[in-house]
Amino acid sequence: MVVMPDAIYLLGMLTNIRGKTSVVLGATRGIGRATAALLRDEGARVVITSRELARAQDVAAQLGEGVEGRAVDVTDPAALAAVFAEIGRFDHLVCTAASAVLGPLAEVPLDAVEALVASKFWGQYHAVRAAIPHLDPRGAVVLFSGTVTQKVLPGASAYAAVGAAIEAAGRTWAAELAPRRINTVVPGVIDTPVWDGLLDAASKQAHFAGVADALPVGRPGLAREVAKAVAFLLDNEFVDGASLVIDGGHRLI
Ligand SMILES: NC(=O)c1ccc[n+]([C@@H]2O[C@H](COP(=O)([O-])OP(=O)(O)OC[C@H]3O[C@@H](n4cnc5c(N)ncnc54)[C@H](OP(=O)(O)O)[C@@H]3O)[C@@H](O)[C@H]2O)c1
């Protein structure tokens, strides 16, 4: 068997993942999909979701044995409650589902901003609330913010506001829901399909080249690098109420 360097780094070390049930909301692409793949490789039973059942099932089949796909729109609290009741007791909840929008205040379409708030703020709020009866008392939640909360990016005010609200809510939920642990991942620029919806191909290439020039690490991040941070937060029982920045040093420049 050929063992890849990432597998050597993680395989068998994450004792709170093997044999556990992990629910990853929004896992048909990008960071959610990479997280589901890593948790499965580490021995978890993984439930992934999409707004489209067929898409969730397709991706689950691609990820292989131990992964099942379900449909839920995270903007719908009743649908979240129903899907969690179907899954039964689980150990991990990862909330990556979100829509996307960038644009200056005077120009950004309000309906797209409202969709971002509905999915990324209310979606995570509804998901954690609906998970409470099903999440094991020793379980853990990983929420998603973004480094625009710390590093101003013109055009990203809705992301900044939502991310800051989620980091603050996550710390409060960590206190309220103990001994369950609640932590937040704060990604910088990560090369996922989200950028294809935000920028045309030429603008995306120029943006990524600029990011590579500017960042101390010399490149944008990869989805599996964020997935490793999620796995760390799920695994490590002494990390609680934290915001973990994964940004290649973006906030330093
Ligand atoms: N990529 C970056 O540079 C970056 C930077 C900072 C923060 N983040 C954050 O990291 C998280 C993941 O980002 P990503 O880049 O992996 O995004 P992505 O590639 O666009 O994937 C988003 C996922 O969310 C699902 N989704 C979208 N709206 C949904 C809804 N209303 N209900 C349920 N599922 C929904 C999509 O599935 P379906 O379409 O199949 O439903 C998809 O699987 C997000 O919170 C994002 O804001 C990303």
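Conventions and cut-offs
- Residues numbered from 1 in each chain as written.
- Predicted model: local features only at pLDDT ≥ 70, side-chain atom pairs only at ≥ 80, totals over all residues.
- Heavy atoms only, no water.
- UniProt positions renumbered as here; feature names shortened; annotations may be inferred.
- Core = buried A, V, L, I, M, F, W, Y, C linked by side-chain atoms within 4.5 Å.
- Buried < 20%, exposed > 50% of the residue type's maximum accessible area, 1.4 Å probe, protein only.
- Helix = DSSP H or I, 4+ residues; strand = E, 2+ residues; numbered from the N terminus.
- Contact = heavy atoms within 4.5 Å.
- Pairing = 2+ DSSP bridges.
- Right-handed = clockwise from strand over helix to strand, strands pointing away.
- Axes fitted to C-alpha atoms, helices over the stretch in contact; angles between N-to-C directions.
- Salt bridge = Lys/Arg side-chain N within 4 Å of Asp/Glu carboxyl O.
- Polar contact = N/O pair within 3.5 Å; in protein donor to acceptor, adjacent residues only side chain to side chain.
- Near = heavy atom within 4 Å.
- Nonpolar A, V, L, I, M, F, W, Y, C, P; charged D, E, K, R; others polar.

- An unreviewed UniProt entry lists the protein under the name Short chain dehydrogenase, with Plesiocystis pacifica SIR-1 as the source organism.
- Quoted straight from UniProt, the Sequence similarities (unreviewed entry) entry for the protein says "Belongs to the short-chain dehydrogenases/reductases (SDR) family."

## Section: the nonpolar core
Moving on, step 1. Counting 30 residues, the largest nonpolar core has Leu39, Val46, Ile48, Phe144 and Leu234 as the members making the most contacts within it.
Moving on, step 2. By residue number, the principal contributor to this core is helix 9 (residues 223-235), which donates seven residues.
Moving on, step 3. Apart from residues lying up to four places away in sequence, Leu39 is in contact with Ile17, Ser22, Val24, Ala44, Val46, Ala231 and Leu234.
Moving on, step 4. Grouped together as the second largest cluster of nonpolar side chains are 28 residues, Ala97, Ala127, Val162 and Ile182 included.

## Here we look at the pairing of strand 4 (residues 90-95)
Moving on, step 1. Along strand 4, six of the six residues are buried, which leaves the element largely enclosed by surrounding structure.
Moving on, step 2. Pairing of strand 1 (residues 21-25) with strand 4, which is carried by four bridges, proceeds in the parallel orientation. Pairing of Val23 across the sheet is with Leu93, part of strand 4.
Moving on, step 3. Each parallel crossover has a hand, and the one from strand 4 via helix 5 (residues 110-131) to strand 5 (residues 135-144) is right-handed.

## Details of the sheet that holds strand 3 (residues 67-71)
Two orientations exist for strands paired in a sheet by backbone hydrogen bonds: parallel and antiparallel.
Moving on, step 1. Pairing in this open sheet of seven strands is parallel, and the strands run 3-2-1-4-5-6-9 from one edge to the other. Strands at the two margins of the open sheet, each flanked by one partner only, are strand 3 and strand 9 (243-246). Strand after strand, the sheet turns through a mean of 20° between neighbouring axes, direction not considered.
Moving on, step 2. Each of strand 4, strand 5, strand 6 (181-187) and strand 9 touches helix 9; the most contacted strand, strand 6, lies at about 165° to it.

## Here's the deal with unusual backbone geometry
Moving on, step 1. Cis geometry is found at the peptide bond from Ala178 to Pro179, where omega equals 10°.
Moving on, step 2. Relative to the helices and strands, Pro179 resides in the loop between helix 6 (157-176) and strand 6.

## Here's the deal with the pattern of salt bridges
Moving on, step 1. By the definition in use, this model includes ten salt bridges.
Moving on, step 2. Between Asp136 and Arg89 there is a salt bridge, with the nearest N and O atoms lying 3.1 Å from each other. Highlighted residues: Asp136 in strand 5 and Arg89 in the loop between helix 4 (77-87) and strand 4, separated in sequence by 47 residues.
Moving on, step 3. For Arg89, a relative accessible area of 47% puts it in the partly exposed group.
Moving on, step 4. Of the charged contacts in the structure, one is a salt bridge between Arg251 and Asp247, with a shortest N-O distance of 2.8 Å.
Moving on, step 5. With a relative accessible area of 38%, Arg251 lands in the partly exposed category.
Moving on, step 6. The buried category is assigned to Asp247, whose relative accessible area is 7%.
Moving on, step 7. One continuous salt-bridge network, built from bridges that share partners, spans Arg45, Glu68, Arg70 and Glu86.

## Here's the deal with the pairing of strand 2 (residues 45-50)
Moving on, step 1. Counting buried positions along strand 2 gives five out of six residues, so the element sits mostly inside the fold.
Moving on, step 2. Bridge analysis of strand 1 against strand 2 gives four bridges, and the strand direction is parallel. Bridge assignment links Val23 to a residue of strand 2, and that residue is Val47.
Moving on, step 3. Read as a crossover between parallel neighbours, the route from strand 1 over helix 2 (residues 30-41) to strand 2 is right-handed.

## Details of the environment of Ala27
Moving on, step 1. Checked against the element boundaries, Ala27 lands in the loop between strand 1 and helix 2.
Moving on, step 2. Relative accessible area serves as the criterion here: at 0%, Ala27 is assigned to the buried category.
Moving on, step 3. Each C-alpha atom of the pair Ala27 and Leu215 lies 27 Å from the other, and the pair is 188 residues apart in sequence.

## Some thoughts on the side chain of Asp136
Moving on, step 1. By relative accessible area, Asp136 is classed as buried at 17%.
Moving on, step 2. Engagement of the side chain of Asp136 in a polar contact is seen with the backbone nitrogen of Arg138, the distance being 2.8 Å.

## A short note on the site of the ligand
Moving on, step 1. Thr28, Ile31, Ser50, Arg55 and Thr192 are the nearest of the 29 residues found near the ligand.
Moving on, step 2. Note that an oxygen atom of the ligand is positioned 2.6 Å from one of the side-chain N or O atoms of Ser50.
Moving on, step 3. For the shell around the ligand, the secondary structure elements donating two or more residues are helix 2, helix 5 and helix 7 (194-198).
Moving on, step 4. Residues of the shell around the ligand, tallied by class, amount to 14 nonpolar, ten polar and five charged.

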